[in-house]
Amino acid sequence: MEALKTNSGKSGEVQKEKVFAATTRAKVGTDSVDTTTSECSPDRKPFHVVLTSEGNSYQEWQTLIMYYHFKKQQATNPCTEMTGFTRVLSSQGGSPDSLMDIMPTYVAPSVGAHLHRGFRVINRPWSMWKFVTDPKFKEYVKEDYIYIAETDHLLLKDLPNKATPDIVVGFYFPYMEPVETRYDTVKRFWPEGDPKTLYPTGPSPTIMHVDILAKIAELWYQSSVDLKADSAADAVLGWALEMWGYTLACAKLGVKHHIWQQFQIEPASSWHQNVTVEDPYIYHYTFGVEYSVEGIAMIGQVGEWSLDKRRWTYGGFPPRNLSTPPPCAGECAHVLTALFNESGGCCKHAGGARSVDSPGAAASTLEATSKLPQWDTAATGTDTLMHRRGGGVAGEPAARGELGYQVATAGAWAIPDLGIDRLYFFKNGRATTTE
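The rules behind these values
Residues numbered from 1 in each chain as written. Predicted model: local features only at pLDDT ≥ 70, side-chain atom pairs only at ≥ 80, totals over all residues. Heavy atoms only, no water. Buried < 20%, exposed > 50% of the residue type's maximum accessible area, 1.4 Å probe, protein only. Helix = DSSP H or I, 4+ residues; strand = E, 2+ residues; numbered from the N terminus. Arc of directions from axis to C-beta. Contact = heavy atoms within 4.5 Å. Core = buried A, V, L, I, M, F, W, Y, C linked by side-chain atoms within 4.5 Å. Polar contact = N/O pair within 3.5 Å; in protein donor to acceptor, adjacent residues only side chain to side chain. Axes fitted to C-alpha atoms, helices over the stretch in contact; angles between N-to-C directions. Parallel < 35°, antiparallel > 145°, perpendicular 65-115°, else oblique. Nonpolar A, V, L, I, M, F, W, Y, C, P; charged D, E, K, R; others polar. Disulfide = S-S within 2.5 Å. Pairing = 2+ DSSP bridges. Phe/Tyr/Trp six-rings, centres within 6.5 Å; stacked < 30°, edge-to-face > 60°. Lys NZ or Arg CZ within 6 Å of the ring centre and 35° of its normal. Left-handed = near helix turned anticlockwise from the far one by under 90°.

A. Quick look at helix α5 (residues 180-189). Among all positions in α5, only Arg182, Thr185, Val186 and Phe189 are buried. All buried residues of α5 fall inside an arc of 95° around its axis, so they share one side. Projecting away from the buried face of α5 at angles above 90 degrees are the exposed residues Glu180 and Asp184. The elements touched by buried residues of α5 are α6 (210-229), α7 (231-237) and α8 (241-252).

B. Quick peek at helix α3 (residues 123-133). Most of α3 is tucked away: 10 of the 11 residues are buried. For α3, the set of buried residues is Asn123, Arg124, Pro125, Trp126, Ser127, Met128, Trp129, Lys130, Phe131 and Val132.

C. View of the nonpolar core. Formed by 91 residues in total, the largest nonpolar core has its most connected members in Leu159 and Tyr283. Element by element, the count of residues in this core is highest for α6, at 9 residues. Setting aside residues no more than four positions away along its own chain, tyrosine 283 makes contact with Asp152, His153, Leu154, Leu156, Ile265, Pro267, Val275, Cys332, Val335, Leu336 and Leu339.

D. Region of the structure containing the environment of glutamate 304. Examined against the element boundaries, glutamate 304 turns out to sit in the loop between β13 (289-291) and β14 (305-307). Separated by 21 residues in sequence, glutamate 304 and proline 325 place their C-alpha atoms 9.9 Å apart. One polar contact links the side chain of glutamate 304 to the main-chain amide nitrogen of valine 293, over a distance of 3.0 Å.

E. Looking closely at the packing of helix α1 (residues 57-74) against helix α10 (residues 331-342). Packing of α1 against α10 brings their axes to within 9 Å, and their N-to-C directions diverge by 90°. One element, α1, and the other, α10, form an angle in the roughly perpendicular class. The segment α1 lies against α10, with Trp61, Ile65, Tyr68, His69 and Lys72 engaging Leu339, Phe340 and Glu342. Here the residues of the contact of α1 with α10 sort into 5 nonpolar, 1 polar and 2 charged.

F. Inspection of unusual backbone geometry at higher detail. Each neighbour pair has its own omega, and for serine 204 with proline 205 the value is 0°, a cis peptide bond. Mapped onto the elements of the fold, proline 205 is located in the loop between α5 and β9 (206-209). A positive phi angle is found at arginine 117, which is not glycine, with a value near 50°. Inspection of the secondary structure assignment puts arginine 117 in the loop between α2 (113-116) and α3.

G. Spatial organisation of the state of the cysteines. Going through the model one piece at a time under the given rule, you end up with 1 disulfide. A sulfur-sulfur distance of 2.0 Å marks the disulfide that ties cysteine 40 to cysteine 79. Residues cysteine 40 and cysteine 79 are joined through a disulfide that is left-handed, its torsion about the S-S bond being -90°. Here cysteine 79 lies in the loop between α1 and β4 (82-91) and cysteine 40 lies in the loop between β2 (14-17) and β3 (47-54), a separation of 39 residues in the sequence.

H. How the structure looks around the pairing of strand β6 (residues 145-149). The buried count for β6 comes to 5 of 5 residues, which makes it a mostly enclosed element. What you see with β6 is no split at all: Tyr145, Tyr147 and Ala149 on one side and Ile146 and Ile148 on the other are buried throughout. Here β3 runs beside β6; their pairing, made up of 5 bridges, is parallel. Paired with valine 49 across the two strands is tyrosine 147, which belongs to β6.

I. Looking closely at the sheet that holds strand β11 (residues 264-265). Ordered in space as β7-β12-β11, the 3 strands form an open sheet in which the pairing is mixed. Edge positions in the open sheet fall to β7 (153-155) and β11, since each of these has one partner strand only. In this structure, β11 lies alongside strand β12 (residues 282-284), joined through 2 bridges in parallel fashion. Bridge pairing in β12 links glutamine 264 to isoleucine 282. Lying over the sheet, α10 contacts β7 and β12, oriented at roughly 100° with respect to β12.

J. Region of interest: the packing of aromatic side chains. Using the criterion set out here, one finds 23 aromatic pairs in the structure. Summarising the aromatic geometry, the rings of tryptophan 220 and tyrosine 246 are spaced 5.6 Å apart at their centres and angled 80° between planes, so their arrangement reads as edge-to-face. Taken together, the residues tryptophan 220 in helix α6 and tyrosine 246 in helix α8 connect sequence positions 26 residues apart. The burial state of tryptophan 220 is the same as that of tyrosine 246; both residues are buried. Taken together through their ring pairs, the aromatic side chains of Phe47, Tyr147, Trp260, Phe263 and Tyr281 make up a single cluster. Here lysine 130 stacks its cationic end above the ring of tryptophan 129, 4.3 Å away from the centre of that ring. The ring centre of tryptophan 260 lies 5.2 Å from the NZ or CZ of lysine 162, which sits over that ring.

K. Region of interest: the packing of α5 against α8. Across the interface, α5 lies against α8 with an axial gap of 11 Å and an inter-helix angle of 50°. Relative to α8, α5 is oriented oblique. For the element pair α5 and α8, the recorded crossing hand is right-handed. The segment α5 lies against α8, with Arg182, Val186 and Phe189 engaging Trp244, Leu248 and Lys252. When the residues that make up the contact of α5 with α8 are grouped by side-chain class, the tally is 4 nonpolar, no polar and 2 charged.

This is the structure in structure tokens:
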């Protein structure tokens, strides 16, 4: 494989040079901002955003939306600590993709199927290990710290650096607690330690010193491979397996974490987190938001109004302007739709620079985001608004007869056989009867 280095020309185009098993054709450092501004605090700790990604259309559209919001937030603060950006791309054979000339990119060839065993997330620690050990690493990352980001991370505001040379900043994931069902499995892979002392976090989002990344990367990768190769561990740890690989590697190497709950938010229609109240720095849209057209949460099923990234796994990009959620839907649905639509289906409109929809957007923000590529409207998939259950027109509340009106507006109701003494219905809810 080949890696590439920049030449001394004005364009910053790259020349091939054989080194480690990685390659890039992007312009290195084009997203860097001045880290020496005299007006900024002497305590400023610049960090480099490292976005891990796979070479497929599903993560391509997510990458573009994430990159838009990174550029927007980076431009809001002349003393931002987010001073650099590199996408670390894992692709078959280290092949380039359509985003290579849009953002600084480092490419590592995907690991073989005999190692990832169908769990391609293992490419994340693999590509990070290749990246941090590449002799050209410092040509990409000039900062002392990095933020490991995912494609479905949308920055809501300028992100500060709370890490230290010895402590990683991470986020609390409740499913990373070594509860009874996972304790014995984790103990088998860390017999010398106590699983109850593990930090309930994962590799992303994290902000860490580059020396810590260099220290843990190989073991993070190897631990993930070993867990996947163990059928019992695979069955117990499931889709979070690579996260456990990270926490085990950190525990074995004595890496400490500070858990910062304001780091991000992971909303869903199943629970009612308020984005405004919690005031996070990142919206992580890992869970779908599903509602009826009346704005009632539809739990465990696809909503009549549905915004779930998995809907565009194989079916093209999201449309440029998603249909807005029902007025009574949870705040997260409105926030996420606005974040998607602001990026314009991601990017600049045909004919020139797009406008930034946020009130009072700075000219620097417009400049930072206006040169992103045209969204491929020919490759778009389905919208957020689906057909209603039981027929009817999508987007319009069902016609309600007298019985439905009485059920929704009268009450309280009692169902003695079920032990229910007082039952109320939402005013705009839906009641159906069958003959």
